[in-house]
Structure formats: structure tokens, C-alpha cells
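Listed here are the chains, written in short residue letters.
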There are 2 protein chains.
Amino acid sequence: MDQHRDYESELREAGVRLTKPRKIILKILGESQDHPDAMAIFRRAVKIDASISLATVYRTMKLLEGLGAVHRHSFEGGPARFEHADGEHHDHLIDLDTGRVIEFHSETLERLQEQIADELGYDIEHHRLELYGRKRRQR
Amino acid sequence: MDQHRDYESELREAGVRLTKPRKIILKILGESQDHPDAMAIFRRAVKIDASISLATVYRTMKLLEGLGAVHRHSFEGGPARFEHADGEHHDHLIDLDTGRVIEFHSETLERLQEQIADELGYDIEHHRLELYGRKRRQR
DNA sequence: AATGAAAATGCAAATCGTTTGCAACAAGTG
DNA sequence: CACTTGTTGCAAACGATTTGCATTTTCATT
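These numbers come from a predicted model, not from an experiment.

## Considerations on the packing of helix H3 (residues 38–48) of chain B against helix H4 (residues 54–66) of chain B
All names here are of chain B. In the contact formed by H3 and H4, the axes pass within 9 Å of each other and the chain directions differ by 120 degrees. One element, H3, and the other, H4, form an angle in the oblique class. The element H3 and its partner H4 pack so that their crossing is right-handed. Residues Ala38, Met39, Ile41 and Phe42 of H3 lie in contact with H4, whose contacting residues are Leu54, Val57, Tyr58 and Met61. Its residues assigned to classes, the contact of H3 with H4 comprises eight nonpolar, no polar and no charged.

## Examining the protein's contact with DNA strand C
Looking at DNA strand C, there are 20 residues lining it, with Arg12 and Tyr58 of chain A together with Ser51, Thr56 and Arg59 of chain B nearest. Between DNA strand C and Arg22 of chain B there is a distance of 3.1 Å, counted from a phosphate oxygen to a side-chain nitrogen or oxygen. Ile52 of chain B is positioned such that a nitrogen or oxygen atom in its backbone is 3.4 Å from a phosphate oxygen of DNA strand C. At the level of elements, helix H4 (54–66) of chain A together with helix H2 (20–31) and H4 of chain B are the ones that each hand at least two residues to the surface near DNA strand C. Examining the composition of the surface near DNA strand C, we find that four residues originate from one element, H4 of chain A, more than from any other. Among the residues forming the surface near DNA strand C, the class breakdown is nine nonpolar, four polar and seven charged.

## Re the side chain of Asp91 of chain B
Residues and elements named next belong to chain B. Along the chain, the position of Asp91 falls in strand S3 (residues 91–95). Although Asp91 is buried, it forms no salt bridge, and the closest oppositely charged side chain is Arg128 at an N-O distance of 9.4 Å. Every residue in contact with Asp91, bar those within four places of it in the chain, is listed here: Ile102, Glu103, Phe104, Glu110, His127 and Leu129.

## A look at the domain arrangement of chain A
Residue and element names in this part refer to chain A. Parsing chain A into structural domains produces domain 1 (7–84) and domain 2 (91–133). On the domain 2 side, the residues contacting the seven residues of domain 1 number eight residues. Per-residue buried area on domain 1 facing domain 2 is highest for His35, Phe75 and Glu76; these three make up 62% of the total on that side. At the junction of domain 1 and domain 2, the tally comes to zero salt bridges. On the surface where domain 1 and domain 2 come into contact, there are four residue pairs in polar contact (both at pLDDT 80 or more).

Definitions and limits used
Every residue gets a number counted from 1 within its own chain, in the order that chain's sequence is written. Chains and ligands are labelled sequentially in the order written, the chains with letters from A and the ligands with numbers from 1. Whole-chain, interface and lining totals are the exception, using all residues; otherwise, since this is a predicted model, local features are given only for residues with pLDDT of at least 70 and side-chain atom pairs are given and counted only at 80 or more. Note that the side-chain values use all heavy atoms of the structure and ignore hydrogens as well as water. Throughout, an axis means a line fitted to C-alpha atoms (over the contacting stretch in the case of helices), and angles, computed between N-to-C directions, take values from 0 to 180 degrees. Note on conventions: DSSP H or I runs of at least 4 residues are helices, E runs of at least 2 residues are strands, and numbering of each starts at the N terminus. Any angle that falls under 35 degrees is termed roughly parallel, while one over 145 is termed roughly antiparallel, one within 65 to 115 roughly perpendicular, and all others oblique. Handedness of a helix crossing follows the sense of rotation of the near helix relative to the far helix, less than a right angle counterclockwise being left-handed and clockwise being right-handed. What makes two residues a contact is simply this: any of their non-hydrogen atoms within 4.5 Å. For this classification, Asp, Glu, Lys and Arg are treated as charged, while Ala, Val, Leu, Ile, Met, Phe, Trp, Tyr, Cys and Pro are nonpolar and the rest, including Gly, are polar. Throughout, the term near means that a residue has one or more heavy atoms lying within 4 Å of the molecule or strand in question. Any N or O atom pair separated by 3.5 Å or less is treated as a polar contact, with the protein-specific requirement of one donor-capable and one acceptor-capable atom, and with residues adjacent in sequence counted only for side-chain atom pairs. A 1.4 Å probe rolled over the protein chains alone gives each residue an accessible area, and that area as a share of the maximum for its type sets the label: buried under 20%, exposed over 50%, partly exposed in between. The charge count treats Lys and Arg as positive and Asp and Glu as negative. His and the chain ends do not count. Just to be clear on terms, a salt bridge is a Lys or Arg side-chain nitrogen sitting within 4 Å of an Asp or Glu carboxyl oxygen. In this document the domain limits rely on a domain assignment from an automatic tool or a database. In this description, buried area is defined as the sum, over both parts, of the accessible area (probe of 1.4 Å) that is lost when the two are combined.

The following block contains the structure:
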């Protein structure tokens, strides 16, 4: 789909102001390939503008989440981590040794979930699938 | 498998003392068909013994989790919820309107997950699959 | 049944991640 | 450039959970 959404325009259209902290956070999210938590975003932001506060990071993440611009993930034992909502839907495999997050997608799996919910008489609003594992040593 | 594990014996074998609070909590867990959180367990426990403290509930849940006697689930937005580890593995469908938790199991789904992890070069330690949905109105 | 060492408890204070009230401030309109 | 309103930074509040510590319990031993 849209590989490079123009979040700044989207925000403006949504009627929210394009402030300095927001621009900086948006930039950071765009450049992040990992899944940073609020504190990590805050630390990166402070390097660009020392006056940014952690509260604003949290407020901005909530705003962006509401606008569908970022996804919030609450992996086991740890603060929420974020990723910008570019790209397509995927699930996550968390490396228990490094904390690294690997994204994957399986259409079969998606359909299977829907089928299961359907059999239980439910419509899925959203779902959460996380695999926690360790790199297989050797081949 | 084991439909009625004798947790009291297991605890003793594990070298932990069978105290009054622990017996009460174990009893509550055994009788709970829902997935109570620490506060709910605490409230039920207080009815049996008014001197129990919330801290002990938390400590006991951590202990039981470590012994594999209970599973801890951190569903979206809310405190951790627990269930005793009887029965077989299953995943959860959370009713967004009522908060009710419905358990389900799919061997196909389990195998699919393993296959995906395998392709990524990982061994799954455990996983978390939660479907969030609403009851389909009508047939 | 009485003894004692070790473990477990209750309480309150501390912690972590996150949210909020409020006065000062900045964005976008005209 | 001024005004209106949204947004910020700060610090205090928050909910869930954990912890330090003095006091109680458990349970193996007498």
C-alpha cells in the first residue's frame, strides 16, 4: 500500500497542530526501524530539542495512535513499544535473548483466526499474536 | 491430562510452606472459572480470612506462576488476570463488550505458528494469541 | 506439646509506566 | 501583528505491582 504516508499533512487535516515536538517525534518514528518505547523516543527527541518532555511524548503517542498513525504494542514485561503504521499488518516474534522484534505475516494464520472467531460467534475487532522464542542454534 | 492436580502436595514438594493465605488462594483459584485479577482474588480471599493482604496475593501469584501452577495473562488495558494451570493449552478470545474471556484451541494454529518460527530460525518458548472481538449479532 | 530457625506475612512506603491539572506558551487564523 | 485556542512543560497523581522491615507462622526437632 502506502509506503510513505505523509503524516504531517494527515495531522493537519485531522485538525491537530503541527508543533515542534510533534514534528520531531514524527521524524524519529519515521527513522526508527526498531520498536522504541516512550523513553527511547524521549531520549532521541531530547538530542534534537532539549526542551521536550516525556509527558509530551506520551501525549503524542496517544494522539498518533488515535489517528491510526502508530501502533502500540505491549510485549511481555516492559513498557509499551511503538512503530509507525506504514506498511501492512504483521505479527511479532520477540527474541527472548536480545529483545529484538521480528515482524512476520501469514495470510493463512489470519484466515484461521477469523474462522475460529466465527465459529465462536464473534467478529474480530483486532488481535494480538506474539511468539516469544530463541534463535535456533545451528542449522 | 491431569484434570485435578493436587497443588498442595506439589507446593510442599517444591519446598514452600503451606500457609493459610496460600491455601485460601489456591482454593479460590480452583473454584474460579473466570480469569480473576489480583484484586478480585484478594476480595474473595478477604471473605474467608479478613487478615489477608493484597501484597500476599501478589507474592503468591508470582510464586505459583514460577511453579507453573498458574498462568498469568496481560490482556489489553487492565491488570494481569490469572487462571490455574489445569487443563490443556489454549488461547483467548476477549469479548470487548463484556470483558468475558473465551478459551479456544486449534492444533492447526499451533502448528502454523511453529512452522513460521521455524522458517525464521527460531524455537518458540511460548506465545500469546488474543482475539478481541464482539459477539456477532444474529445468526 | 514445647522449641527454634527459617520462611512468610501485613503494613506502609517505594517503584514503574503512564496520565493529568494547570499556568505559561506557541500555532494558525484573521 | 494580534487573538484564540490548542499544546507544552512541570510536577503531582495515578494504577498496578513490588519491596523493606518488624512481627508472625510454619514445620522440623526435641
